[in-house]
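What follows is each chain in one-letter form.
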Amino acid sequence: MRHLFWRECKALWHSPWQLALVSYIPLLGVLALWWLFSAGIPRLLPVAVVDLDNSQISRMLARELSANPALELRSFSNEVLAIKAMRESQVYALVVFPYQLRKDLITSKRPAIDIRYNSQYLLVGRLLSSQLQRSLAQGLMHVGEAKLLLNGANKATVNVNLAPVSNQTTALFNQNVNYVSFLVPPILIALWQLIAMLVFVNSVNAELIPQGERYYVARNIWLKVWVKILFYSPIMLVHSGFILVWLYHYLALPVSGSLWLLLLAQAFMLMALWLLVLVIFMIMRDSARTVSFCTALFAPAFAFMGITFPVNDMPILAKWWRLVMPSSHYIDSHISVVSYGVGLPQVLTQISSYWGFLLLFPLLYVLGRHAQKVPPQGHVSHPVNLEGNR
């Protein structure tokens, strides 16, 4: 087995692409994605305001919106120009103060303040929707308070009428709505899964033996596969460990549990990932098709984690696709350890969700028997050139 390890080392050293995948590409990806979200908290998001009333109340409401640090108001003379700006992504939301807003409020009518936001930007749209409603509600409360006082109500009655039920919202996790702690960890896990997949696919593709128009694998392929797993697993776990140290030690993001538990969960995730890659490799037995299929399968991993879209609302096909993603199983452990500080028993219970991947072993055995074929005597086989088949 020692010569197989040495063989794997030489193959890695002579493949610039593979060497890049296990060295600097993961590091550059981690740093680039962190820099992209390094601002952490969204500020000064452009919002179009159309004031058709131009009254003291509408200007007061505009000042309330402008005082919100998440908003940057941009005035437009009419609704058509504002809608055009939103379609061209110059602004993310639109607020229209209707004509006779002040009159309708004074005469106890119910004017409609038009709020629109671009739902294509899922997180930005959700943030703007809540911030706009909060600022406008605060401004309208001042208007209602002034009206009640003018009608002779005392201060205690005003407070009861305006806010009969008082709410207190206490954020337990991600208190500042920080995008780094909310989005970056699952995005980096999805990136790590994609890179680990490419590393393993490139390695096993080198074991393809061309014979005629088809490709086969050698009879000792399973020993080579075990060597590849033992060779590349520590390398990829070093990268995943770097992600955890970078996020929760260097950047000091809040974490309630032990990072060693996350590393354990990542090891199981990696084994499930490579088991699935092996099945696809044995079915395809073609370097380009294997890379293309695996990339299409794992590229949207972040969308299936349930971070930005609830899992229960996904279509049934999306839920099945999610079950195939090892990262979707891992993210449950990640959230539990980081947010709730669960211990080893709970993490092991969550890791048991990988049991479905064990069903791939019989399938892999059958596929491996059909994929193995000894080339005819005199036939010289050469491993597939990874660089020419990317």
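Described in the following lines is the structure provided in the data block. (Residues numbered from 1 in each chain as written. Predicted model: local features only at pLDDT ≥ 70, side-chain atom pairs only at ≥ 80, totals over all residues. Heavy atoms only, no water.)

### What about the environment of P186?
Tracing the chain through its elements places P186 in helix 9 (residues 179-205). Judged by relative accessible area, which is 4%, P186 ranks as buried. With residues up to four places along the chain from it excluded, the contact list for P186 reads F302, M305, I307 and I331. (Helix = DSSP H or I, 4+ residues; strand = E, 2+ residues; numbered from the N terminus. Buried < 20%, exposed > 50% of the residue type's maximum accessible area, 1.4 Å probe, protein only. Contact = heavy atoms within 4.5 Å.)

### Digging into the sheet that holds strand 2 (residues 71-76)
Here we have four strands laid out as an open sheet, ordered 2-1-3-4, and mixed in their pairing. The two strands at the open ends of the sheet, each matched to only one other strand, are strand 2 and strand 4 (114-117). If you compare each strand with its neighbour and ignore which way they point, the axes differ by 20° on average. Bridge count between strand 3 (residues 93-97) and strand 4: four bridges; the pairing is antiparallel. (Pairing = 2+ DSSP bridges. Axes fitted to C-alpha atoms, helices over the stretch in contact; angles between N-to-C directions.)

### Quick look at the packing of helix 3 (residues 24-36) against helix 10 (residues 221-250)
Relative to each other, helix 3 and helix 10 sit at 25°, their axes nearing to 10 Å. As the angle between them shows, helix 3 and helix 10 are arranged roughly parallel. Crossing hand, helix 3 versus helix 10: right-handed. Note on element contacts: helix 10 touches helix 3 through H239, F242, I243 and W246, opposite P26, L27, V30, L31 and W34. The residue makeup of the contact of helix 3 with helix 10, split by class, is eight nonpolar, one polar and no charged. (Parallel < 35°, antiparallel > 145°, perpendicular 65-115°, else oblique. Left-handed = near helix turned anticlockwise from the far one by under 90°. Nonpolar A, V, L, I, M, F, W, Y, C, P; charged D, E, K, R; others polar.)

### Side note on empty space enclosed by the protein
What the rule picks out here adds up to two cavities of 30 Å³ or more. Lining the largest cavity, in full, are P26, L27, V30, L188, L191, W192, I195, H239, F242 and I243. At the level of secondary structure, the elements contributing two or more residues to the lining of the largest cavity comprise helix 3, helix 9 and helix 10. Top element by residues in the lining of the largest cavity is helix 9. It accounts for four residues. Split by residue class, the lining of the largest cavity holds nine nonpolar, one polar and no charged. (1 Å grid on protein atoms, 1.4 Å probe; cavity = no way out; pocket = protein on both sides within 12 Å on 5 of 7 lines; lining within 4 Å. Points joined across faces, edges and corners; volume = space filled by probe spheres on them.)

### Section: helix 16 (residues 360-371)
Compared with an ideal rise of 1.5 Å per residue, which puts 12 residues at 16 Å, helix 16 spans 16 Å between its outermost C-alpha atoms and is within 8% of the ideal. All of the buried residues in helix 16 are L360, L364, L367, G368 and A371. Relative to the axis of helix 16, the buried residues are bounded by an arc of 105° and lie together on one face. What points out from helix 16, more than 90 degrees from its buried face, is the exposed set P362, Y365, R369 and H370. Structurally, helix 16 contributes buried residues whose contacts are with strand 6 (214-217), helix 10 and helix 11 (259-284). (Expected span 1.5 Å × (residues − 1). Arc of directions from axis to C-beta.)

### Observations concerning the packing of aromatic side chains
Counted according to the given criterion, the structure contains seven aromatic pairs. Pairing Y354 with F357 gives two aromatic rings, centres 5.9 Å apart and planes at 50°, and the pair type is tilted. Its relative accessible area of 8% is what places Y354 among the buried residues. Chaining the aromatic ring pairs together yields one cluster made of W34, F242, W246 and Y250. (Phe/Tyr/Trp six-rings, centres within 6.5 Å; stacked < 30°, edge-to-face > 60°.)

### Remarks on the packing of helix 10 against helix 11
At a minimum axis distance of 9 Å, the contact between helix 10 and helix 11 shows a crossing angle of 140°. The angle between helix 10 and helix 11 falls in the class oblique. As for the relative orientation of helix 10 and helix 11, their crossing is right-handed in sense. Of the residues contributing to the contact of helix 10 with helix 11, the split by class is 18 nonpolar, five polar and no charged.

### A few points about the pairing of strand 1 (residues 45-51)
Burial analysis of strand 1 places six of its seven residues in the buried class, which makes it a mostly covered element. As judged from the six bridges shared by strand 1 and strand 2, these two strands associate in the parallel manner. Counterpart to A48 in the pairing with strand 2 is R74. Since strand 1 and strand 2 lie parallel, the crossover through helix 4 (residues 56-67) that links them has a hand, and here it is right-handed. Taken together, the five bridges between strand 1 and strand 3 define a ladder with parallel strand orientation. Bridge pairing in strand 3 links V47 to A93. (Right-handed = clockwise from strand over helix to strand, strands pointing away.)

### A look at the nonpolar core
Counting residues in hydrophobic clusters, the biggest one holds 77 residues, and the most contacted among them are W274 and F298. Judged by nonpolar contacts, the second largest core, of 19 residues, contains L45, V49, I57 and L71. (Core = buried A, V, L, I, M, F, W, Y, C linked by side-chain atoms within 4.5 Å.)

### Here we look at unusual backbone geometry
Backbone geometry places A252, a non-glycine residue, at a positive phi of 60°. Mapped onto the elements of the fold, A252 is located in the loop between helix 10 and helix 11. Judged by relative accessible area, which is 54%, A252 ranks as exposed. Backbone geometry places R285, a non-glycine residue, at a positive phi of 50°. Among the structural elements, R285 can be located in the loop between helix 11 and helix 12 (287-298).

Geometric descriptors of this kind do not, in isolation, establish any biological role.
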